Every structure is written in structure tokens, then in C-alpha cells.
2 protein chains.
Amino acid sequence: MYSTLSKKKATAIRQFALKKYRLAQAAFVLEGKKGIQALLASDYAIKYIVGTSTFFEENQDIPASIRKETELFEVKKELLSRLGSFVHNHEVLAVAAIPRPTAPCLSPSGMTLALDSIQDPGNLGTIIRIADWYGIATILCSQTTVDLYNPKVLQASMGSFVKVNLHYVDLPHYLQGLNLPILGATLDGKPLHDFLFPNYGVLVIGNESHGIQPAVKETLTAAISIPRYGHANSLNAATATAILCDNWKRICAG
Amino acid sequence: MYSTLSKKKATAIRQFALKKYRLAQAAFVLEGKKGIQALLASDYAIKYIVGTSTFFEENQDIPASIRKETELFEVKKELLSRLGSFVHNHEVLAVAAIPRPTAPCLSPSGMTLALDSIQDPGNLGTIIRIADWYGIATILCSQTTVDLYNPKVLQASMGSFVKVNLHYVDLPHYLQGLNLPILGATLDGKPLHDFLFPNYGVLVIGNESHGIQPAVKETLTAAISIPRYGHANSLNAATATAILCDNWKRICAG
């Protein structure tokens, strides 16, 4: 029922840490039990599941439809933790196909996030989790934003990456073409506690060090900022995203 | 003017990555230019500054009072990046004394944070930055919370650790002794958008996986939660802290 993992396949799995290998194979590695459970419940096509005997004992309910399409490998946990990026993964990893990109379809009502060159994988993963919490279905990413399938992004998203659609686009041009309110988070915008949020639109979050690039700034219909009561120079990009989403949804839960 | 860094001292600096060495020496290492600039502007007693020639050229205005107390070492950037925890630190690090603990002094007005076993260094550092942004002067930490002087905590705080007072206390007993509103962030508390925040009190944030421990839960005067509009099971601890602080300060900026 379980195959043996060849050395060749083990070496291949390690390579998925590299973006160019992921692109060439159109596949990625996901590590950890919680993420895999989210993956199993999603539409992602899973190529292999590599798990310990404990994992397979505890997850005997992997549906037949998935078992038919997916190779299952049983390995010792020492080998498992050498295959991925995280030394603490002692249970399971999976290799799944990267879905074909589709054209982003923005909901005519509701809120969309746009990320202008978010560089830190932990920030992108956390932002995906925040989007999933606030029911935001789509995130537009500039092509300079870190890759969704980077292991640290997937890890920080805590499984939420299966629920939120990310689209990598030419962000300034894409936003220019939209006929929607486009709000940008800046340090000198209108204080958000008094801001009248629209019922729908795009919220742009800028790069961790440089903020929103000029070409994207030109597309904004409003700049908003988070009121500061103390001294810190700035907030982390994911932190700021959370505060903005909470304030927007408080007013327009629709 | 600049001393040569002995091999013995270089070895000693590397050891500061370990908590028990920091405790034994009552000192810690801080890496990176922004943090060091915050440190120079603070009351911390700095023992050494180890920087590249570029750093010292750009920072000729280190006050005489600090130069008198502090040994300055000029090193090549290759050596520098081998001394600390971050390979990307190519400019400067400092060794400073850990201040003697004092009894926490809660402001009778305003808001205090309490952290019940926050384990992730990035989360603690980010929470310190959030506290600094929202003008929260004091954070109470359970003794099981990660050490403030862990290099990753300091890094994520972006220099804000010099502005916020952290006190490691026996949290359940300490809170039991307070005669203040004590709010806890839980997944099933009252929705915070309708919650009437008090003018002053303590906000408790629980552990990343297990939430608030039972002995601390008993001390709460109210449990509040962040409204969810989508599907994610939870939010990151630092993300949740930010949303709660923003909602509290929106109502009671005093």
C-alpha cells in the first residue's frame, strides 16, 4: 500500500526549496500535519504524500479519490525531517501541483488586498491567514512579491493558502485598469478611525522598507493611515494589514 | 581610538545567543544599525560596540559620555557577520548590560499588556513594536514567555524594546492581586466591535497554541474576541494583539 521512497525522489523533494525548481516542475512541497489536512480538503492535485507510520495510522480516512491519484510513501521521521525546510516536521509532507494561473476575478462587492512587493515570507503567509479570517477571497501580488509556494510562506499561512486566491500581476497597470476605490496604507494618510470606508474596493499594502511604489501610488483614490499613540516608527506589514482589514470589515461586513 | 577584537572576546560574543550565558553575564548582544541607534539614544549601559569602518564613519556623533564608558572595536564585515545570529548583519553589533529588574509599576490610567507564555521570538518582538506604537509602557510576561534578550526578539522589535518595560512575573498571582479590569483575548469572548472597553486595565494574550492558561483565565473580568468574517481557525498572536490594541485605543486614547 505504501511505496518506498527512492534516493532519487528524496533528492528531488529537497530541491523544492528552490523557486526555479518549483517553477520547472510546476509543483511545490508542503510540510506539517495541519497544512496537509487543509490540502486534502482542497482542490489541489496531490502527487505524493510522504509520512511516518504514525501519520498514516492517524489519517486512515484519506479519501479513495485522492489515494487513486496520489503516491503514498511511508518513511522514518529522521528521514522526513531531512527532506523539507523545517527540522521540526516529524510527521508528513506532500508534493502538490501548482494550479495553472487564472485571470483574477474581483468580486464586485467586498474587499480585495493588493501587495506591492512584500518580501518577507512570514509576512506574506500571515497576510494570507488574515485574509482568510476576514473572508477576503482574492489577493493581488506585484510580480516582485515573494513566491506563494516558498515553504516559509505556506508554513506561516497555517493552511489558509488553500482558501485565498493569489494572483501575481503587473500591479500598477492592473490597478490603473480598475474602476474601483483603491485605498493605500501609508504613514501620512487620513486616520482610519474616522475614514468612511467604501463598500467595495482594493486595499494596497506596500513593501516592508519602501512602502508603496510611485507608479502604484498614482492609482490610489485615497491614502489612509493607522493612528499612532506612542513612538514606534512603523508597524510590521502584516500587523498593519490586520488592523486595516478589521477597521474596514467593522464598517462594511457585506 | 578603536581597539582590536581578541579571539577570546569574539568567542564570548558568539555565546550571547544562549540564554544561560546572557543571564550569567547580565548582558546581551544587539545586532543591526537601527537597533543600535535606538540603544544609543536610551539609558542602557553599552559595554562594547563592534562595527565596520563604514559604521563608525557614518556615526561619528556617538556622544562622549558613551565613548567614555564603552569600548569600540573596528572589524571587517566578514568577521562581524560571524559574531552574531544574523548573517545579514554587515555593519554593527553592541553588547549592553541587562538592567536590574524592577517591580512593575502599572499606570493607574491606560492599558497594560500581559503575555501568557508567548513562545515565538518573532511574535514577542512584534508585540513590543505594537505596544510602542500604541503608547503602552508596560508588558507583563509570564515566566514561561520567551526571553526579551533573545536575538530574534530584539530584531523583530525594531528598536522598540528600549521604549517598553517588560516584567517577567508569576502571572496568575500577579493578576490576582490587581484591582483592575483584566480582559482576555479568547476565540469565544464577546465580539470586540461592540465591547465597551474600560479606560484602564490589562489585556491578556495567550500562548500561540494553547491560549490563556486556566489559572490566568480565572482572573479575567471579561473575555473578548475578534469577529471573524471568513474561515481561518485563528489569528497569529501578534496580529490579534494589534487588532485589540487598535480597538481599545480607538475608544480610550487617554
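Fair warning: this is a prediction, and the values are worked out from it, not measured in the lab.

Attention shifts here to the packing of aromatic side chains. Residue and element names in this part refer to chain B. What the rule picks out here adds up to 22 aromatic pairs over all chains. Ring plane angle 35° and centroid distance 4.4 Å describe the contact between Phe28 and Tyr149, whose orientation is recorded as tilted. Note that Phe28 is positioned in strand β1 (residues 27–31) and Tyr149 in the loop between β6 (138–142) and α8 (151–157), a separation of 121 residues in sequence. The burial state of Phe28 is the same as that of Tyr149; both residues are buried. Taking the centre distance of 5.5 Å and the plane angle of 75° together, the rings of Phe55 and Phe56 count as edge-to-face. Each member of the pair, Phe55 as well as Phe56, carries the same accessibility label: buried.

Below, the discussion takes up the pairing of strand β8 (residues 182–191) of chain B. Judged from the three bridges that link them, β8 of chain B and strand β9 (residues 200–205) of chain B form a sheet pairing that is parallel. The partner of Leu183 of chain B across the bridge, within β9 of chain B, is Leu203 of chain B.

Applying a rotation about an axis and a shift along it to one chain copy brings it onto the other copy. Here chain B sits on chain A after a turn of 180° about the axis and a move of 0.0 Å along it, with an RMSD of 0.0 Å. When the rotation and shift are considered jointly, the pair of chain copies conforms to a two-fold rotation axis.

All names here are of chain A. On domain assignment, one finds that chain A holds domain 1 (7–97) and domain 2 (110–251). Relative to domain 2, the C-alpha centre of domain 1 lies at a distance of 30 Å. Across the boundary between the two partners, domain 1 contributes 14 residues, which contact ten residues of domain 2. Taking both sides of the interface into account, the surface hidden between domain 1 and domain 2 amounts to around 1,100 Å²; carbon and sulfur atoms contribute 69%. The largest per-residue losses of area from domain 1 upon contact with domain 2 belong to Arg22, Tyr44 and Phe86, which jointly make up 41% of the total buried on that side. Summed over the shared surface of domain 1 and domain 2, the result is one salt bridge. One salt bridge in this structure joins Asp147 and Arg22, with 2.8 Å as the shortest N-O distance. Of all the secondary-structure elements, those providing two or more residues to the side of domain 1 that touches domain 2 are α2 (19–25), β1 (27–31) and α3 (33–40). With four residues, β1 is the single largest residue contributor to the side of domain 1 that touches domain 2. For the side of domain 1 that touches domain 2, the per-class residue count stands at eight nonpolar, three polar and three charged.

Let us look at the packing of helix α11 (residues 237–251) of chain A against helix α11 (residues 237–251) of chain B. Where α11 of chain A meets α11 of chain B, the closest approach of the two axes is 9 Å, and the angle between their N-to-C directions is 50°. Comparing their axes, α11 of chain B and α11 of chain A come out oblique. The crossing of α11 of chain A and α11 of chain B is right-handed. Each of Thr239, Ala242, Ile243, Asp246, Asn247 and Arg250 of chain A in α11 of chain A lies in contact with α11 of chain B, whose residues at this interface are Thr239, Ala242, Ile243, Asp246, Asn247 and Arg250 of chain B. Within the contact of α11 of chain A with α11 of chain B, the residues separate by chemical class into four nonpolar, four polar and four charged.

Conventions we followed
- Residues numbered from 1 in each chain as written.
- Chains lettered and ligands numbered in written order.
- Predicted model: local features only at pLDDT ≥ 70, side-chain atom pairs only at ≥ 80, totals over all residues.
- Heavy atoms only, no water.
- Phe/Tyr/Trp six-rings, centres within 6.5 Å; stacked < 30°, edge-to-face > 60°.
- Helix = DSSP H or I, 4+ residues; strand = E, 2+ residues; numbered from the N terminus.
- Buried < 20%, exposed > 50% of the residue type's maximum accessible area, 1.4 Å probe, protein only.
- Pairing = 2+ DSSP bridges.
- Least-squares fit on C-alpha atoms with pLDDT ≥ 70 in both.
- Domains from an automatic or database assignment.
- Contact = heavy atoms within 4.5 Å.
- Buried area = accessible area lost by both parts, 1.4 Å probe.
- Salt bridge = Lys/Arg side-chain N within 4 Å of Asp/Glu carboxyl O.
- Nonpolar A, V, L, I, M, F, W, Y, C, P; charged D, E, K, R; others polar.
- Axes fitted to C-alpha atoms, helices over the stretch in contact; angles between N-to-C directions.
- Parallel < 35°, antiparallel > 145°, perpendicular 65-115°, else oblique.
- Left-handed = near helix turned anticlockwise from the far one by under 90°.

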